[in-house]
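If you want the building blocks of each chain, they are given just below.
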Amino acid sequence: MHGIMFALLLSVVYEMGRVTSTSRGDVTPEVVYQWNIIEYEWPNETLKQQEINNNNYLPNNSAVNGIKLYRNRVYVTVPRLKDGVPSTLNVIIDATSENTDANVSHILRPYPSWEMQELGNCDALQIVQSMEIDPHTGYMWVIDTGSKPSGSLSVQPVDRCPAKIIIYDLTTNKEVHRYIFPPEVVGQGLYYLNDIVLGFSEGKARYAFISDTLAYKLVVYDYVDDTSYAYSHSSMAADPAHKNITINNMTLPGIVTGINGIAMSPDYQYVYYSAVAGVGLHQIETSVLISAKGDNAAFAAAVRTLGDKISPGDGMAYSDNHNLYYSALGPNAVYHWDIKTDLNAAGGDFNKIQLISHSELVSHMQMEWVDTLAIDNGYLWFTTSRLQKFFSTDGIVHHEPNFFIWKLHIGENSYLTKTGPTLGTSCVTASVASMATCVLVYLLS
Ligand SMILES: *[C@@H]1O[C@H](CO)[C@@H](O)[C@H](O)[C@H]1NC(C)=O
Ligand SMILES: *[C@@H]1O[C@H](CO)[C@@H](O)[C@H](O)[C@H]1NC(C)=O
Ligand SMILES: *[C@@H]1O[C@H](CO)[C@@H](O)[C@H](O)[C@H]1NC(C)=O
Ligand SMILES: *[C@@H]1O[C@H](CO)[C@@H](O)[C@H](O)[C@H]1NC(C)=O
């Protein structure tokens, strides 16, 4: 009886949630993966049962959030937002009868290994929300907040490990580099490394720009100098007017997460960011971020608010063709900002651009909490993590799909497609490689 009722309900829900497409034409998202409960590839069934019995694995507490792709492999994070998450960084594999007894088609294989997921071992990965992959080298830059879970994100954790960046070579699966953040940059009070974009200099990934969504900071890591610094600004805080987020009639109240979604322009000249609890979209020149070395006054003098997004949101992604895609929490949508149109209106000057020409790219009843976006090989991929339900008192329910990975053809590539121009170089003195971008910017204007 229940089963039939539920099936009926599902079909109604499905009809109501029919995909809408907008002026961008034929955009039909495909569900690539979906899970009721996230399943992992365990070394053996005995160990899995033992971890369940010890409460080290609480199957209800894993939510897929972060996503990035490399050579047709899909890497996902399960941040340790609650207790009982066995593995925080993973690659998706097909389920076989040998690696799972569960009724799922795809499972998560810990990346790079089970050993690197050991909770409480500060050398291993502790709580990974995001990573970025340099498509030119196959290096994955992983941000690890380090702190152990302590019930709620807004409670200061104890026995924390320091926050760090680890870079893996996805071809050899070897660690290339690691950097431990000094506590004055990341590690005092509340902090949470949320999202990361890369900045290129002289043809190589040199800078990581990272949102710290609980300290309300924008953190810069310089790989060449192996140093870091951070900026604070009021635009990074959670806006009291947007602390309640309602998705499909369920409200997650009291959201404290500030700066979260972060995006980089394909010429590596501008960084864009937004708070989860907030609607403003902000822009800062990369040259300021790397030259001001953490000087908040220089940041405040240079940052611009471009306008309001349609709603609060989570992740963002910028394509190689000057389109910015952003998560819209509430509308269950991904929005698209047509930057070229607004650049024309601004006389071709990125320093004058406003957020005007943005519209819905896609929405669906089941796109609950559009979380992280990634652009790969002509497709926009994104996770929906249903966090409003995950963080509710009852948590997720097993009998419906909770976590989805969607993909949608946009015919564009990631902002990381080109390795130039050199940061801070003007078009007059630019190298031949970066000249192309200068010409493109000129043509756009
Ligand atoms: C299961 O895997 C663990 C970890 O690799 C190992 O220590 C244990 O011996 C294995 N148990 C069985 C029954 O194979
Ligand atoms: C958010 O919800 C709480 C109740 O949970 C309410 O007291 C508060 O006024 C709401 N805030 C806003 C900005 O709507
Ligand atoms: C939300 O509530 C409104 C009003 O009660 C109802 O019409 C609508 O169907 C609900 N939507 C969902 C997704 O439950
Ligand atoms: C997990 O969620 C299900 C509801 O689908 C519930 O019955 C079960 O008690 C939960 N388990 C734990 C350990 O909370």
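Here the structure is a predicted model, which is why all the values come from computation and not from measurement. (Residues numbered from 1 in each chain as written. Chains lettered and ligands numbered in written order. Predicted model: local features only at pLDDT ≥ 70, side-chain atom pairs only at ≥ 80, totals over all residues. Heavy atoms only, no water.)

**A word on the state of the cysteines**
Test applied: A pair of sulfur atoms, both from cysteines and within 2.5 Å, is called a disulfide here. Numbering goes from the N terminus for both helices and strands, where a helix is a DSSP run of H or I of at least four residues and a strand is a run of E of at least two.
In the structure shown here, the tally under the stated rule is 1 disulfide. A sulfur-sulfur distance of 2.1 Å marks the disulfide that ties C122 to C161. The sign of the S-S torsion, about -80°, decides the handedness of the disulfide formed by C122 and C161: left-handed. With C122 in the loop between β6 (106-110) and β7 (128-134) and C161 in the loop between β8 (139-144) and β9 (164-169), the pair connects residues that are 39 residues apart, well separated along the chain.

**With respect to helix α2 (residues 45-53)**
Operational definition: Identification of polar contacts relies on pairs of N or O atoms within 3.5 Å, with a donor-acceptor requirement for protein atoms, meaning one able to donate a hydrogen and the other able to accept it, and with residues adjacent in sequence counted only if both atoms are side-chain atoms.
Between a side-chain oxygen at the N-terminus of α2 and the backbone nitrogen of T46 the separation is 3.3 Å; the capping residue is N44. Immediately downstream of α2, the backbone of N55 shows phi near 60°, a positive value.

**Overview of the sheet that holds strand β13 (residues 217-222)**
The criterion, for reference: Only when DSSP finds a minimum of two bridges between them are two strands counted as paired. In this analysis an axis means a line fitted to C-alpha atoms, helices contributing only their contacting stretch, and an angle means the value between N-to-C directions, from 0 to 180 degrees.
The 4 strands lie next to each other as β11-β12-β13-β14, forming an open sheet whose pairing is antiparallel. Looking at the sheet topology across the chains shown, the edges are occupied by β11 (193-201) and β14 (227-232). Between one strand axis and the next, the sheet turns by 20° as a mean value, whatever way the strands run.

**Regarding the nonpolar core**
Defined as follows: In this text, buried Ala, Val, Leu, Ile, Met, Phe, Trp, Tyr and Cys residues form a nonpolar core when linked through side-chain atoms within 4.5 Å. Here the term buried applies to any residue with accessible area under 20% of the maximum for its type, exposed to any over 50%, and partly exposed to those in between, with areas from a 1.4 Å probe on protein chains only.
In this structure, F181, F209, L218 and Y272 are the most contacted members of the largest nonpolar core, which totals 62 residues. In terms of nonpolar packing, the next biggest core, distinct from the first, is built from 37 residues, I37, I92, I245 and I247 among them.

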